[in-house]
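These are the residues of each chain, in order.
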Amino acid sequence: MPRHERTVIGSVVERKTTGQPSAAPRFTAKPGVGFPAVQHRSKSAFTRAREEATANNAATRWNKVPLVVPTEELQPPPTTETKSALMDAEDLRHHISQANEQRLASMTPEEIEKERKAILEQLGSDAPDLMRRVREARERKLAREDPQATEAAGKVTSSEQMGRPPIIYQPKPVLPPLGARPGILRVRSLESVPQNAPPTVSSQRSCTRPSSRTGKKIRFAEVTPKDIHIYESAPVSPKRPVLALLPPPETPDNSVVSLGTFKGSIPSKRPHPSDSPSEDKESPVTITDDSKLEGTPEYIRQRYFPDASENDPNLEWMRAATSSDSSELRFDLNGAPISPSLSETLPSHLGLHHHAEGNHAGYTLEDLFLLSRSTVPAQRALMLGVLAKVAHRLGAQAKDENFPDRLAELAGKEGELRKRILAAGLSAISERGGVGAMAVEVVWECLVAWDSGTSDIDGIELHLAPDVISSTQPEQLLPIIAGVLAQASLPRQSLDQLLAIVYRFAQESNELAGSIMATPHLVPAIIQTFLLTPIPPKDDSVLPDPMALRLLTILASASRSYALSLLDPMDAILRFATLLPDSSPFPVPLATSLLIQTLRFYRVLACYGLYSHIATSASLYFSALGSYILSPPSLPQKTLSQLRTAWSSLLEAWTVCATDPHATTPPHEILWSQVTAWSWESEVRLFRKDLTDADQDWEAWSAAWNVEAAWLEGARINGVKGGEREREEVLEFVKPEFEAQEGLHRKVVRAALQAMKQRLDILTISGPGMEKVLKSIIEPTLVLCSAVRLWLACLPPLKDVPLGSPPFTLPFGELSKFCAELVMHPVWSLPEKCAMYLRVHLRPLSSLLAYFHRLSCHIPGTGSDLWLAQGLSIVTRFIPGDEGAAIALEENCILPVTSRIAGLQVQLPSIATDILKPFFEYTMRPNPDVYVSPLHITAESICRSTTLRLPGGTPDVLEEANTGLPLSRDWLTAPLTHILRSGTSPVFRGLPSGWDASEVDVVRSTLLLLQVSCGVLQRWGLSVYALGPAEIVFACMRVSMLEHDVGGGASGTDSSAEVFRDDAVEKLMRWLLNPFTPKRLPTPPPSPPPTVARTETTSCLLPIPTPQNYLELASQTYLRQTHTPFYQFYTDLVALYSAVSFAHPIFGALLLPPLAMRYPSDYRRLVWCEAGDGSSATAGMGDGVGAVTEVVRTVRLDLEQVVCCGLGWPGSHCAPTFPDVREYLYPIESDGRILGAYLQALLAGRNAPQGFLRLVAIHHIACTVWPDLRRLSQTAEDGPSSMEAGADGGRVTGFIPPSDPSQSSGSLGGPKLLRLLLNRGDAPAVREVLLYRQSPTGAFLWPPSCFEGSLGDADRAERIEHVRNIISGDMAERVRTIFELKED
């Protein structure tokens, strides 16, 4: 090693111990020996050193000049020891040379050539050059060590011939000063040691290195011009010219132009210094045939580590890295994917190989996640930037299936990768500098950019990705953001991204908005950083950001309490309203945007009745703003329209606040007299003259009409004579515009109506541009809402005379037809099928229907029944925020229903439906603490509203929000629910003081309302909103569950009697169930021939299960609250029937629908195999040998009394137009236990079932035993015949075909059933089974035609032969006799 790298301590050699032990040391009191002497701080270090020198050598003083040692010291003459060592080495080399010469002289030319080839094969083709370099290195070494050795080295050959080795002097090692060596502190006491001190024994022995380490050094190949390659795209150094190019291809290429041959000199490798001449000797190594290639790991191991095993883990470093899968997706530093073929060819200077797998360019996702946790800040920031770009691609891919740069390898994994990338960004978001900035960008990409399509939605809680948002741990992230914003420690772009992240949190839910408000210093930091910037702005200062105002607006709209907390800094924000855009120090677009957002924020506060005093305090500034808008300003048309809309909406809100000064907080913040003095309606009327009928002005038209409507609504309360003068003033201006053929108002309304029709027609539920089309419907809908609202506001007070003529003309016919189509449009199902946040786009549609229903009653030709049908259909389309309109519709339209509408006034006693008002109001607004503000605020809403945003999220989240709207299909049966749960119902705990009604009164009113609603809806073609058979049956089941009446009430009934026994209740239930019972046709159509029936392919397909036709789904609204399965409810109902019904026919009819074949066999087993109390069926009391349950024995109903829920009921869209009992007959029963119960019931003698239940038992027995009937039933089994629903609360999981009865586990097969029937059955039962015929298609055969009809010859012969094969010939003859007797 070089002299300056030599160690201070050489080898440690153990001395031989002498025979005499050394004397024990003694303590002396001399300073410096033993314990150190006490040193006092009173003396300085220099004084102590001088005293010490004087005490040690007082008589001697160093008077010589210090010797200055140069860096390259002069070589002293060699000593006797070095001369002898070098002479020994040269002597050894001389003897080796002589031995080689003697051996060479004794070899033949062939042997010499063979050895030469072996050396070349072992050392390579450059062995001569290697030997030459070794000799030159030795000569240079000798010349460097001793100039006199140069002559001796030049005469090596002669010296060897003379037998005298040359004299070589080896210098002793010279240590450089320690202070000059890197990493060593300068020590004065050590530097003063003379460097030419005589060597010690240890230093003389320090050159004795282990033999295994001696002579081992790695030689590198000589560099030639052919070995130098550079890449054309990136030179070695951008500041230097290219000295070499890529080597020419092996095949000739005419396009390659030679630039000449490299003429420069290539520096040779620096020679490796040797510690001793013996380092040039190499130990003999045996090279195998498999490791002849120099540079391979095996070559290196055998040559330099011969004692190491092949699998030594310490040598893993020189083995080639295992190549990973080349097909794994890799990314470059821009987040773009790299193809596998390109990954293997890209050069390494691009920075794409800095990962564990260096054979492929680019980074895998795992590499990116690993390096994003690097301890090197620059590398970590770079990898976070790549992850941000990858997240951007994944977000675009997740939103658009046709994304051009789609990553097919990551399809379906976007959500999982989004969480992982977000976690990587969150782990570094608290860092400073570039790492923190890149981490903010990653989080911004995963939260904000990923859901960029919803950034403009602010009227609903998004609940888009609750799992992703919760993974950010907002309670920990928000304080970090507050600290970063307060310190402004990141670039402005990163701060803007943090603001957008907070805005995204506020959009997600009201709960997160509360977390933002509760985070200390977060909102003040946002206001200070993004809003309260210097005015006028300085060159280096930032400008205010409108996004901050949007954030404050959405926080205020989330809750009234949050809005109250934001009142303190509102005066500072007034600066953006007082500085008009043309005089603002900010750029005009920015000043205009700040002004618009400020006005919107003030409107949100006014919707709670807050901060309306600013209209008085800053009246001069707002007056100037009104004049500025009327000027009109030189702004883009769209921006000007937004400014006018924001200003008009604020004026509307302040006008509503002034309508009832007691509703504001605090009261009397703004007065009606002030609003009248400011004449806002006149101001809006003036700027309306500049509007056109183009769609870009529709938003401004809507806002202007709303201001006038709010003005007239307030004047009706605060004006003279109900605002008569104000109405005349408004009508004088607007009526000509609405009624003239070329009137501008008329054109706007008709254009909006036409646009609504066109856009609804092209709206598809699952189309690619569905959301865009839905958004485009909002503006024309708001125009129609405002026009109808203005029309209603122009009506005289209700106490005045009836309306003689409309205030002005609207397209009433087209509007009525459009609303009829709108209420039936599938657009209302979009939130459930696509995303719940789309519900916010339905608010204008529901408001339009509410205003139209108020207008409809004034249109000539609208009767009470039509108006009721409209109200019953429209009320189901209301969404949260429309509770006020729903309650008004219920009070004015639905509750005034009387039996006269249904034509039942003669058959029923007087029934008052207004007693149902408390139940319906609670159904529409179950939680009094949650009041969602309507689209158009009212004096009541500004006082009671708790939030301006609709609840969003999954159905479970909406259920937790406890909002009544939208109403369920069976909302009219809500009073029955509260009566059944009267002990826990909140309605009964808060009934009005004057309310006095019994259970019978409530049941009568509810059933009457159901009967009337079904009738009017069917009459006007709105049967889709009427309750289906399953919903009606479940409502009657709940009535039957009321065991005894509670209280006398107005009905005066006996409280000891059951409610279902009341005459009025019994009549109403019979009328409700009658449309769903089968009717016998006067002249039944002829039945098809048996041969045709057997080849018929059309089967009785059951409709898809819905709440209208399936009881387990119809009962969910009632049973979901208690988590009770319908099977448990039905079990209680059967037990109650056995206990108290006394074979009541209607009660018995209600037990039949769950026995249909589309329901699980549990229901049929309960009725046919078990008694009402759960015990087994009892044996027959007569001469029969079978057994029958109490329910089967007592339920004796004809077919006309059977309720059919699945086939042919009106409005079911099935082929038959009347109910069909074949839903109880097909597919044939496959449960062996039930088949046995059927047979036992038929063998029960006089206790055998009668009527419909007897038909069911005979049908399934006959279809099981006769092959011809089984073939016919196969047509029904091939369709969606049964469902694997299970008695688990109505969770329908799909259709399953029934299995073969003969293969059913534990069942009675066809042959066994036939044998038991013929051997033990009575004559009527045997005859009916033998002669039974029925078909799943065509006309239904009513009893007794199905028992008495003549069979075809082929069917009769087949049945006789079947009996012969199963039982015996004698039994077949007896069957033949029965067939012949029937024919006679």
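Residues numbered from 1 in each chain as written. Predicted model: local features only at pLDDT ≥ 70, side-chain atom pairs only at ≥ 80, totals over all residues. Heavy atoms only, no water.

*Asks:* Give me the pattern of salt bridges: which residues, what numbers.
*Replies:* Scanning all chains against the criterion turns up 45 salt bridges. The closest approach of N and O atoms between Arg 1004 and Asp 1062, which form a salt bridge, is 2.9 Å. You can see Arg 1004 sitting in helix α45 (residues 999-1019) and its partner Asp 1062 sitting in the loop between α46 (1029-1040) and α47 (1063-1073), a full 58 residues away along the chain. The exposure class of Arg 1004 is buried, given its relative accessible area of 12%. Shared partners join several salt bridges into a network, and the residues in it are Arg 685, Arg 688, Glu 708, Arg 725, Glu 726 and Glu 729. (Salt bridge = Lys/Arg side-chain N within 4 Å of Asp/Glu carboxyl O. Helix = DSSP H or I, 4+ residues; strand = E, 2+ residues; numbered from the N terminus. Buried < 20%, exposed > 50% of the residue type's maximum accessible area, 1.4 Å probe, protein only.)

*Asks:* Please give an account of helix α14 (residues 433-447) that cites residues and values.
*Replies:* Taking 1.5 Å of rise per residue, 15 residues should cover 21 Å, and α14 covers 22 Å from first to last C-alpha, within 8% of that figure. Across the 15 residues that make up α14, a large majority, 11, are buried. Those residues of α14 not exposed but buried are Val 435, Gly 436, Ala 437, Ala 439, Val 440, Glu 441, Val 442, Val 443, Glu 445, Cys 446 and Leu 447. Those residues of α14 that are buried are in contact with α12 (377-399), α13 (414-426), α15 (466-471) and α17 (492-508). (Expected span 1.5 Å × (residues − 1). Contact = heavy atoms within 4.5 Å.)

*Asks:* So what's going on with the nonpolar core? Which residues, and what values?
*Replies:* Within the largest apolar cluster, 345 residues are counted, with the highest numbers of intra-cluster contacts made by Phe 622, Trp 654, Trp 1168, Tyr 1224 and Phe 1252. The biggest single contributor to this core is helix α24 (residues 588-607), with 12 residues. Dropping the residues within four chain positions of it, Phe 1252 is found in contact with Leu 1152, Leu 1197, Leu 1199, Val 1202, Val 1221 and Tyr 1224. (Core = buried A, V, L, I, M, F, W, Y, C linked by side-chain atoms within 4.5 Å.)

*Asks:* Before we move on, could you go through the confidence of the model for the chain and cite the residues and values that matter?
*Replies:* When pLDDT is averaged across the chain, the result is 79; 73% of the residues are at 70 or more. When pLDDT is averaged over each helix and strand of the chain, the minimum, 32, is found for strand β6 (residues 1295-1296) and the maximum, 97, for helix α20 (residues 546-558). Predicted confidence for residues 58-66 stays below pLDDT 50, and this span has one contact to residues more than four positions away or in other chains. Segment residues 1279-1307: pLDDT under 50, and 73 contacts once partners within four positions in sequence are set aside and those in other chains are kept. (pLDDT = per-residue confidence, 0-100.)

*Asks:* Could you give an account of α46, naming the residues involved and the relevant values?
*Replies:* For α46, with 12 residues, the first-to-last C-alpha span of 16 Å sits near the 16 Å given by 1.5 Å per residue. Taking burial as the measure, the 12 residues of α46 include 12 buried ones, the bulk of the element. All of the buried residues along α46 are Pro 1029, Ala 1030, Glu 1031, Ile 1032, Val 1033, Phe 1034, Ala 1035, Cys 1036, Met 1037, Arg 1038, Val 1039 and Ser 1040.

*Asks:* Could you give an account of the packing of α17 against α20, with specific residues and numbers?
*Replies:* As a packed pair, α17 and α20 sit with axes 10 Å apart at the nearest point and diverge in direction by 20°. Here α20 runs roughly parallel to α17, going by the angle between their axes. The two elements α17 and α20 cross, and the hand of that crossing is left-handed. Along its contact with α17, which presents Leu 499, Val 502, Tyr 503, Ala 506 and Gln 507, the element α20 presents Met 547, Ala 548, Arg 550, Leu 551, Ile 554 and Leu 555. (Axes fitted to C-alpha atoms, helices over the stretch in contact; angles between N-to-C directions. Parallel < 35°, antiparallel > 145°, perpendicular 65-115°, else oblique. Left-handed = near helix turned anticlockwise from the far one by under 90°.)

*Asks:* Can you explain the side chain of Thr 977? Please cite residues and give values.
*Replies:* Within the secondary structure, Thr 977 is located in helix α43 (residues 974-980). A distance of 2.8 Å separates a polar atom in the side chain of Thr 977 from a polar atom in the side chain of Arg 1038. Ignoring anything within four residues of it in the chain, the contact list for Thr 977 reads Arg 1038 and Tyr 1118. (Polar contact = N/O pair within 3.5 Å; in protein donor to acceptor, adjacent residues only side chain to side chain.)

*Asks:* Could you give me a rundown of the packing of helix α30 (residues 698-718) against helix α32 (residues 744-762), with the residues and numbers involved?
*Replies:* For the pair α30 and α32, interaxial distance at closest approach is 12 Å and the crossing angle is 120°. Classified by the interaxial angle, the pair formed by α30 and α32 is oblique. Both α30 and α32 take part in a crossing whose hand is left-handed. Taking contact as the criterion, the partners of Trp 698, Trp 701 and Trp 705 in α30 are, on α32, Leu 744, His 745, Val 748, Val 749, Ala 751, Ala 752, Ala 755 and Arg 759. Residue composition of the contact of α30 with α32, by class: nine nonpolar, one polar and one charged. (Nonpolar A, V, L, I, M, F, W, Y, C, P; charged D, E, K, R; others polar.)

*Asks:* Lay out the environment of Trp 1266 with the relevant residues and their values.
*Replies:* By secondary structure assignment, the location of Trp 1266 is in the loop between α56 (1252-1265) and α57 (1267-1277). Those residues in contact with Trp 1266 that sit more than four places away from it in its chain are Leu 1314, Val 1329, Leu 1330, Arg 1359, His 1362 and Val 1363. For Trp 1266, the side chain forms a polar contact with the main-chain oxygen of Val 1329, separated by 2.9 Å.

*Asks:* Please give an account of the environment of Ser 470 that cites residues and values.
*Replies:* Locating Ser 470 in the fold gives a position in helix α15. A sequence separation of 42 residues divides Ser 470 from Leu 512, and the C-alpha atoms of the two residues are 9.9 Å apart.

*Asks:* Go over the packing of aromatic side chains, please, and point to the residues and values.
*Replies:* The relative placement of two aromatic rings is captured by the distance of their centres and the angle of their planes. Scanning all chains against the criterion turns up 32 aromatic pairs. Between Phe 919 and Phe 988 the ring centres are 5.7 Å apart and the planes differ by 65°, which places this aromatic pair in the edge-to-face class. Of this pair, Phe 919 sits in helix α40 (residues 917-924) while Phe 988 is found in helix α44 (residues 986-989), placing the two residues 69 residues apart along the sequence. Taken together, the aromatic side chains of Phe 1034, Tyr 1110, Tyr 1118, Phe 1126, Tyr 1127, Phe 1129, Tyr 1130, Tyr 1159 and Tyr 1163 make up a single cluster linked through ring pairs. Lying across the ring of Phe 733, Arg 685 places its NZ or CZ 5.7 Å from the centre. For the cation-ring pair, Arg 981 lies above Tyr 1118, with the distance from its terminal atom to the ring centre recorded as 4.1 Å. (Phe/Tyr/Trp six-rings, centres within 6.5 Å; stacked < 30°, edge-to-face > 60°. Lys NZ or Arg CZ within 6 Å of the ring centre and 35° of its normal.)

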